[in-house]
Amino acid sequence: MSGGWRVAVAVAVLATAGGPGTTAAQMADEPLEFGGLFQTGFRADPDETGRTNGFEVFAARGLARGGVGLVFDYFVQAEYRTYDETFRLLDAYVTLPVIPELAVTLGLFRPEFGLEALLDRGELTFLERAQADLLIAPGRQVGVSAGGGAFDGRLTYGAGFFNGNGPSLQNDGDDYMFAGRVMYNSIGTIAFYDDFVIQVGGSIGYSSDTSAPLFGDLVSEPSFDPPAAAIRYAGSRLLLGADVQASYRDFTLTGEYYGADYTPDPGGELPDDASAHGGYVEAGYRAYGVLELVTRWDAFKPAVGDDRQFLLFGLNVYPGVYTKIGVQYAVALEDAAPALPVAGDQFIVVAQLAF
């Protein structure tokens, strides 16, 4: 059995299995649910990316979630990657409630770091995340975290320890990563806002690494087809994030900053005391919950290389509860070289089904 199919079978087993001593009454409290994300469409990139233009499947994911009474909840998600025709496990974790203000999560998941970094792919306004999000935020890790909320959802918080080696059970040299985040929202967990709402958040992470995978375009021009290979980083890194979002009825303004300071071991691919930073500012207007206009300034300064700044324009239509059709176009500022998620004169049409 291939490695990809072993992952698929493991997902199915985890999705359908309960815990030891689980009763039917307990399972009825949190029934097993299935979901998925499918994104397909058309992409046209400039010639310098080397990417083949045409129709693509951008994402194909399946998930299962449920719970065993009041004991724990579980979540499993996997995706099929079309560019190398393999299955990959994205998330696999359990959450154990301790008190109403605190729960513990163990497994493979995204650490509490960043605002856009914690959004599901189907919730993004554009097809891909911002450059700094992809290149600085820790991404999925194996570890344990504790977090929760207080003051009727106005304050949320979380922190944890992780291998720091990405979605792998292996740990590089017994070194670990710490990541934490706190966020305050002026109203709390209310689905529909008619008043002015502002929320602010801060994130911090630190990792001591022996062979941690980092995106290669931190130190060189990215490769697009296939995607850029990772470098193996040895040293320490300090990660910082700050975000603010203001909204009033159908208008939203969001800004987010990411920074990373690297102290590599001698002989690595990063220079001594290297740093990278960037972020985005995004403005959006959504009319009647159906039509969304959005624009974004996306900037990133890699550890080695020139600044990369882009202006993105998007139009999203939501014809149904689970569907979205989006069109986006990107413009390079100051003759920016193509980046991993975006390039000048890039045109994308995407149809999405998420449930």
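What you are looking at is a predicted structure, and each value in this text was computed from that prediction instead of being measured.

Thresholds, definitions, all that
- Residues numbered from 1 in each chain as written.
- Predicted model: local features only at pLDDT ≥ 70, side-chain atom pairs only at ≥ 80, totals over all residues.
- Heavy atoms only, no water.
- Helix = DSSP H or I, 4+ residues; strand = E, 2+ residues; numbered from the N terminus.
- Contact = heavy atoms within 4.5 Å.
- Areas by Shrake-Rupley, 256 points an atom, 1.4 Å probe, with all protein chains shown as cover.
- Phe/Tyr/Trp six-rings, centres within 6.5 Å; stacked < 30°, edge-to-face > 60°.
- Buried < 20%, exposed > 50% of the residue type's maximum accessible area, 1.4 Å probe, protein only.
- Salt bridge = Lys/Arg side-chain N within 4 Å of Asp/Glu carboxyl O.
- Polar contact = N/O pair within 3.5 Å; in protein donor to acceptor, adjacent residues only side chain to side chain.
- Core = buried A, V, L, I, M, F, W, Y, C linked by side-chain atoms within 4.5 Å.
- Pairing = 2+ DSSP bridges.
- Patch = residues over 30% accessible without salt bridge, like charges linked within 9 Å, V, L, I, M, F, W, Y side chains within 5 Å.
- Lys, Arg positive; Asp, Glu negative; His and termini not counted.
- Charge placed at Lys NZ, Arg CZ, Asp CG, Glu CD.
- pLDDT = per-residue confidence, 0-100.

Undergrad: Quick question: what am I supposed to make of the overall build of the protein chain here?
TA: Per the secondary structure count, the protein chain includes three helices and 16 strands. For the protein chain, the share of sequence-separated contacts (at least 6 apart) that also reach a separation of at least 24 residues comes to 56%. Surface accessibility of the protein chain: about 17500 Å² in total, with carbon and sulfur atoms responsible for 61%.

Undergrad: Sorry if this is basic, but what is going on with the packing of aromatic side chains here?
TA: Where two aromatic rings form a pair, the distance of their centres and the angle of their planes describe that pair. Here the structure, examined in full by the defined rule, presents 10 aromatic pairs. Relative to Y74, the ring of F72 has its centre 6.4 Å away and its plane inclined at 55°; by these criteria the two rings are tilted. Owing to a relative accessible area of 8%, Y74 belongs among the buried residues under this scheme. Ring geometry for Y233 versus Y262: centroids 5.6 Å apart, planes at 75°, classification edge-to-face. On the criterion of sequence distance, the pair formed by Y233 in strand β10 (residues 230–248) and Y262 in strand β11 (residues 251–264) is long-range, its members being 29 residues apart. Like Y262, Y233 is buried.

Undergrad: How should I be thinking about unusual backbone geometry in this particular structure?
TA: Keep in mind that most residues, glycine aside, have a negative phi and that most peptide bonds are trans. Phi is positive for D335, which is not a glycine, with a value near 55°. Within the secondary structure, D335 sits in the loop between β15 (323–333) and β16 (346–354).

Undergrad: When you look at the pattern of salt bridges in this model, what are you seeing that I'm missing?
TA: Between side chains of opposite charge, pairing is possible as soon as their charged atoms come close. Within this structure, the stated rule accounts for 12 salt bridges. Between R61 and E79 there is a salt bridge, with its nearest N and O atoms 3.2 Å apart. Of this pair, R61 sits in strand β2 (residues 54–68) while E79 sits in strand β3 (residues 72–81), and the two are 18 residues apart along the sequence. Taken together, the shared-partner salt bridges in this structure form one network comprising R61, E79 and R88.

Undergrad: Just to check I follow, could you spell out the side chain of D243 for this structure?
TA: Looking at where D243 falls in the secondary structure, it is placed in strand β10. Classification of D243 by relative accessible area gives buried; the value is 6%. Side chain to side chain, D243 and R181 meet in a polar contact 2.7 Å long. Ignoring any residue separated from it by four or fewer positions in sequence, one finds D243 in contact with L115, R181, Q199, V200, G201, G202, G255 and E256.

Undergrad: Explain the nonpolar core to me, please; I cannot follow it from the model alone.
TA: The nonpolar side chains of a soluble globular protein tend to be buried with one another. The biggest cluster of nonpolar side chains holds 20 residues, and the ones touching the most others in it are I136, L218, Y258, Y262, L270 and F300. Contributions of two or more residues to this core are made by α3 (131–136), β10 and β11. For L270, the residues in contact, after removing those within four places along its chain, are V219, Y233, Y262, P264 and A303. Among the nonpolar cores identified, the runner-up in size contains eight residues, and F126, V294, L312 and V342 belong to it.

Undergrad: Explain the pairing of strand β14 (residues 308–317) here, please?
TA: When a strand is regular, its side chains alternate between the sheet's two faces. Sheet analysis places strand β13 (residues 291–301) next to β14, joined by 10 bridges and oriented antiparallel. The residue of β14 that forms the bridge with D298 is F310. Between β13 and β14, which pair antiparallel and follow one another directly, the connecting turn spans six residues, one of which, G305, has a positive phi of 125°. Of the strand pairs in this sheet, β14 and β15 are connected by nine bridges, and their pairing is antiparallel. Pairing of G314 across the sheet is with Q328, part of β15. Remark: five residues form the turn of the hairpin made by β14 and β15, two consecutive strands paired antiparallel.

Undergrad: When you look at a negative patch on the surface in this model, what are you seeing that I'm missing?
TA: Taken together, D306, D307, E334 and D335 make up a surface patch of like negative charges. Inspection of the secondary structure assignment puts D306 in the loop between β13 and β14. Accessibility expressed as a relative area gives 66% for D306, which makes it exposed.

Undergrad: Even after reading the chapter, I still don't get the environment of R81, so can you show me in this structure?
TA: Looking at the element boundaries, R81 is found in strand β3. Separated by 23 residues in sequence, R81 and F58 have C-alpha atoms that sit 8.5 Å apart. Setting aside residues no more than four positions away along its own chain, R81 makes contact with T86 and R88.

Undergrad: When you look at the pairing of strand β4 (residues 86–99) in this model, what are you seeing that I'm missing?
TA: As judged from the nine bridges shared by β3 and β4, these two strands associate in the antiparallel manner. The residue of β4 that forms the bridge with F75 is Y93. Counting the residues in the hairpin turn of β3 and β4 gives four residues, including E85, whose phi is positive at 55°. Between β4 and the antiparallel strand that follows it, strand β5 (residues 102–109), lie two residues.

Undergrad: Would you mind going over the confidence of the model for the protein chain with me for this structure?
TA: Detailed reading of the predicted model is not advised wherever pLDDT is low. Of the residues in the protein chain, 88% reach a pLDDT of 70 or more, and the chain-wide mean stands at 87. Under a pLDDT of 50 for its full length, residues 1–28 has, in the predicted model, 28 contacts with residues more than four places off or in other chains.

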